[in-house]
Every structure is written in C-alpha cells, then in structure tokens.
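# Results of the structural survey
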Amino acid sequence: MAASSSSLHGRVAVAAAVLHALLVAQCATAAATCAGAAPARLRPEVVSITEFGGVGDGRTLNTWAFRKAVYRIQHQRRRGGTTLHVPAGTWLTGSFNLTSHMTLFLARGAVLKATQDARSWPLMAPLPSYGRGRELPGARYASFIHGNGLRDVVITGDKGVIDGQGVVWWNMWRRRTLQHTRPNLVEFMHSSGIHISNIILKNSPFWNIHPVYCDNVVITNMMILAPHDSPNTDGIDPDSSTNVCIEDSYISTGDDLVAIKSGWDEYGIAYGRPSSGITIRRVRGSSPFSGIAIGSEASGGVSDVLVEDCSVYNSGFGIHIKTNVGRGGYIRNVTVDNVRMSNVRSGVRIAGDVGDHPDGHFSQLAVPTVDAVSIKNVWGVNVQQPGSIEGIRNSPFTRICLSNVKLFGWRSNAAWRCRDVHGAALGVQPWPCAELATSFASAGSCSH
C-alpha cells in the first residue's frame with residue numbers, strides 16, 4: 001500500500017509540474033499570436049519513461065523503452081491522450097516514432113540524446129516531392145523523433161533538451177563517407193495539430209524541425225542551436241505544409257534559420273503540394289546563410305507568407321527568396337514587415353539562379369514565378385551589401401514592393417543589383433535601382 005501511495009504521489013507531482021510548465025508557457029504569450037492553431041493540450045493521464053525501463057544515466061540505450069511507451073499510449077487510447085514524462089537525466093536513445101494524442105514532455109534537466117551509432121539507424125523512403133534523398137540518391141535516414149499520419153501531438157517541456165549529437169554526421173558529410181541523406185532531428189509527415197514548444201534543440205545531424213505535408217503546426221518559445229560551421233543544420237523548414245505558426249524563438253545554426261520549402265524540381269511539380277499560410281513572428285538569431293528564407297526547393301508553390309518583428313544578426317543574408325529555372329512553381333503574396341538586421345553580408349536578396357537539381361531530368365521550361373512581395377519597415381546596420389533583386393530572363397519578378405527599407409554600413413561603392421524585375425521602391429536607402437518605380441502610385445501594383 002505504501003509503495004502504491006508513493007507511486008500515486010509521484011504521478012500527481014509530475015502532473016502538477018507538467019501543468020505548471022504549460023501554463024507558464026501559455027501566459028508568456030501576450031502579444032499577437034497564431035499559436036491557437038495547435039494548442040498544447042493538457043492530458044488526463046501522465047506516465048513516466050521510467051515505468052518502461054528507461055534509465056537516464058547517459059550510458060544505457062533507451063530506444064526500446066521509448067518505443068514501448070509509445071506503443072502503450074497508441075494502443076491504450078486514453079480519452080484526451082497521454083503525456084509521456086521524461087524526468088531530469090540524460091536519456092540516450094535511437095530513433096523512435098510518436099503517436100497521435102500524446103505529449104512528449106521533457107522536464108527541466110532532461111536531455112534526450114541521440115545515439116551516434118549510424119550503422120543501426122533506420123532508413124526510410126525518400127519524400128515523393130523530392131524524388132530521392134536530399135543529399136544522396138535513394139533512401140534517407142529516419143529522423144531522430146518522427147511522426148507520420150498523426151493528429152494532436154505535442155512536444156514540450158520545462159526547457160528540456162533534445163541533443164542530436166550531430167558531429168558524427170557532420171564529419172561523415174565533410175569526409176564524403178555518408179551512405180544516405182542525414183536524419184533530421186524532428187520530422188512530422190502527413191500530420192495535423194502539431195505543437196512544439198519550450199524546449200532546446202541542439203546539434204541536429206541535418207535540418208532541425210521539418211514538418212512536411214502537414215497542416216496546423218505551431219512552433220513557439222524554442223531555442224535551436226548548432227555551430228555555425230555545422231553543415232545544413234537549418235532551424236525550421238516548413239515543407240509543403242499549410243497553416244504553420246513559428247513564433248518567439250531563438251535560432252543559431254549552420255544554415256537558414258527558417259526556410260519555407262515545397263518540393264524539388266520535377267518531383268515537387270508532380271506532387272503539387274504547396275506551402276501556404278506561414279507566419280514567422282518574433283524570431284531572432286544568426287546564421288552564416290539566411291535569416292528568413294523561401295526556397296530554393298519551392299516547386300509545389302509558396303504563398304501567403306507573413307514575416308514580422310524578426311531580428312537577424314551576424315548572418316549571410318537577412319531576407320533571402322531563392323529559386324531557379326527547373327524549379328517551376330511560384331512564390332507569391334509574401335509580406336515582410338519590421339525586420340532588424342546587424343552585421344549581415346547582404347540585407348535583401350531575391351534571386352532566380354539559386355539551388356541545385358536532384359538529377360538531369362528537370363525541365364528548362366519549368367520557370368518559376370515570383371510575384372507580390374512586399375518588404376517594408378526594415379532597418380539594418382553594418383550591412384556590407386544592401387541587396388539584389390535579380391529575376392529570370394523572360395520571366396521577370398513582378399510586384400516587388402520595397403517601403404521604408406533603411407540599410408546602413410555598406411561600402412561606398414556598394415549598390416543594389418537589379419534586373420528582370422518590376423515593382424516600386426519608396427523610402428529605400430541606399431536607393432535601389434532604376435528597374436523599380438519611384439512611387440507606388442506610378443507602379444500601380446504596389447499602391448495597395
């Protein structure tokens with residue numbers, strides 16, 4: 001009886017800690033937010049990974065414990081779902097899947113650490129919108145934490161950590177000894193109602209968070225970290241997904257902080273699933289590449305993107321919209337508002353000649369369109385090169401509208417580079433280029 005009572009008290013304490021952390025995270029969001037698209041639900045049942053044999057000593061491999069716990073949650077099907085609580089400790093594990101109606105909760109002091117044994121890492125089929133692994137033909141390694149065809153999934157905590165231990169993968173990439181495309185840290189496919197918040201991701205082998213073919217995704221109050229020389233460690237990459245909310249996060253990685261994608265060349269065109277309804281708000285960070293990026297893999301189309309109140313520093317590009325002949329698709333209805341930059345190589349780049357191809361079967365006739373891009377209220381200091389807008393011959397970028405864009409610190413001979421573009425600029429410093437009209441009224445398409 002005493003043991004049973006102790007277990008009950010323990011469960012109550014864990015449930016109270018989970019509730020407190022979720023309430024603190026929710027109360028911290030007082031400004032404009034889109035986080036209601038997928039709230040962090042409270043679950044009526046809480047179980048601990050220790051109940052399934054988990055040992056948080058940093059040496060014991062807990063893959064089987066996590067898989068057992070998820071299997072139990074999946075098959076018990078508690079009304080309202082179940083929280084899997086990971087207490088303080090270092091929990092070494094291989095790749096595992098989540099299930100619907102569950103919360104993975106990482107307590108303060110909990111570190112979920114990926115095994116570095118690449119030989120035992122599971123493989124999975126390439127994404128149909130990519131046609132092959134992003135790095136190598138054929139299969140790809142499964143993500144560290146994965147979900148496919150799920151509904152109502154939460155990954156949250158009290159500043160717990162997911163550590164991908166990516167250095168072994170980075171070194172294989174550098175030595176060109178990779179057998180397959182590296183694993184993402186967290187990936188959801190064909191899923192809806194995904195909420196990720198209030199944890200720290202570090203040292204991902206490849207991209208950190210990759211929702212692909214998903215809808216209603218919220219990623220908020222995150223810290224995502226990787227060395228600046230770590231290859232392709234993008235922070236958050238919404239891919240062929242709709243209604244995605246990214247807010248209140250700090251990202252410092254080796255590649256784009258946020259990159260919106262929708263498939264690769266002929267495979268993305270054939271799959272035909274766009275990314276749309278993407279909000280990126282109050283994100284800050286640094287990267288040797290881009291702060292906020294769209295593309296270059298945007299063959300399924302990207303539309304209705306809002307970027308606001310973001311800060312980018314010590315980075316390559318502040319805002320980077322990138323595509324290429326062979327991509328096809330479109331990038332349209334993009335609004336960037338109130339972005340601050342410091343110590344960046346180039347403030348704004350919109351380019352039609354960026355990105356590699358999966359194979360030689362792409363079509364030169366698959367010419368992408370870029371239309372209705374509004375960039376306003378941007379302030380930058382120590383910006384080496386203000387920007388470039390370079391469209392595609394016979395397919396100029398249209399309705400590119402710059403307003404109140406002030407970039408300082410550039411070299412005396414630095415200037416905007418423009419070609420194959422139509423639009424307007426108002427209150428831009430330094431003055432952009434003759435291809436853009438000098439008032440929105442004369443441009444017409446920017447007057448709204």
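Described below are features of the structure shown in this document. (Residues numbered from 1 in each chain as written. Predicted model: local features only at pLDDT ≥ 70, side-chain atom pairs only at ≥ 80, totals over all residues. Heavy atoms only, no water.)

What follows is about empty space enclosed by the protein. Under the defined criterion, the tally for this structure stands at two cavities of 30 Å³ or more. Taken as a whole, the largest cavity spans an internal volume of roughly 110 Å³. Counted by class, the lining of the largest cavity contains seven nonpolar, four polar and five charged residues. Taken as a whole, the second largest cavity encloses approximately 30 Å³ of empty space. Taken together, Ile 292, Ala 293, Ile 294, Val 307, Ile 319, His 320, Ile 321, Val 334 and Val 336 make up the lining of the second largest cavity. Secondary-structure elements contributing two or more residues to the lining of the second largest cavity are strand 22 (290–294), strand 23 (302–322) and strand 24 (330–351). Among the elements that take part in the lining of the second largest cavity, strand 23 stands out by supplying four residues, more than any other. When grouped by side-chain class, the residues that make up the lining of the second largest cavity number eight nonpolar, one polar and no charged. (1 Å grid on protein atoms, 1.4 Å probe; cavity = no way out; pocket = protein on both sides within 12 Å on 5 of 7 lines; lining within 4 Å. Points joined across faces, edges and corners; volume = space filled by probe spheres on them. Nonpolar A, V, L, I, M, F, W, Y, C, P; charged D, E, K, R; others polar. Helix = DSSP H or I, 4+ residues; strand = E, 2+ residues; numbered from the N terminus.)

Side chains that differ in charge, positive against negative, can pair when their charged atoms come close. Under the definition given, this model contains 22 salt bridges. Between Asp 152 and Arg 41 there is a salt bridge whose closest N-O contact spans 3.3 Å. Within this pair, whereas Asp 152 is found in strand 11 (residues 151–157), its partner Arg 41 is found in the loop between helix 1 (2–27) and strand 1 (45–48), the two being separated by 111 residues in sequence. A relative accessible area of 14% places Asp 152 in the buried class. Overall, the relative accessible area of 45% leaves Arg 41 in the partly exposed class. Through salt bridges with shared partners, a single network forms among Arg 134, Lys 261, Glu 297 and Asp 356. (Salt bridge = Lys/Arg side-chain N within 4 Å of Asp/Glu carboxyl O. Buried < 20%, exposed > 50% of the residue type's maximum accessible area, 1.4 Å probe, protein only.)

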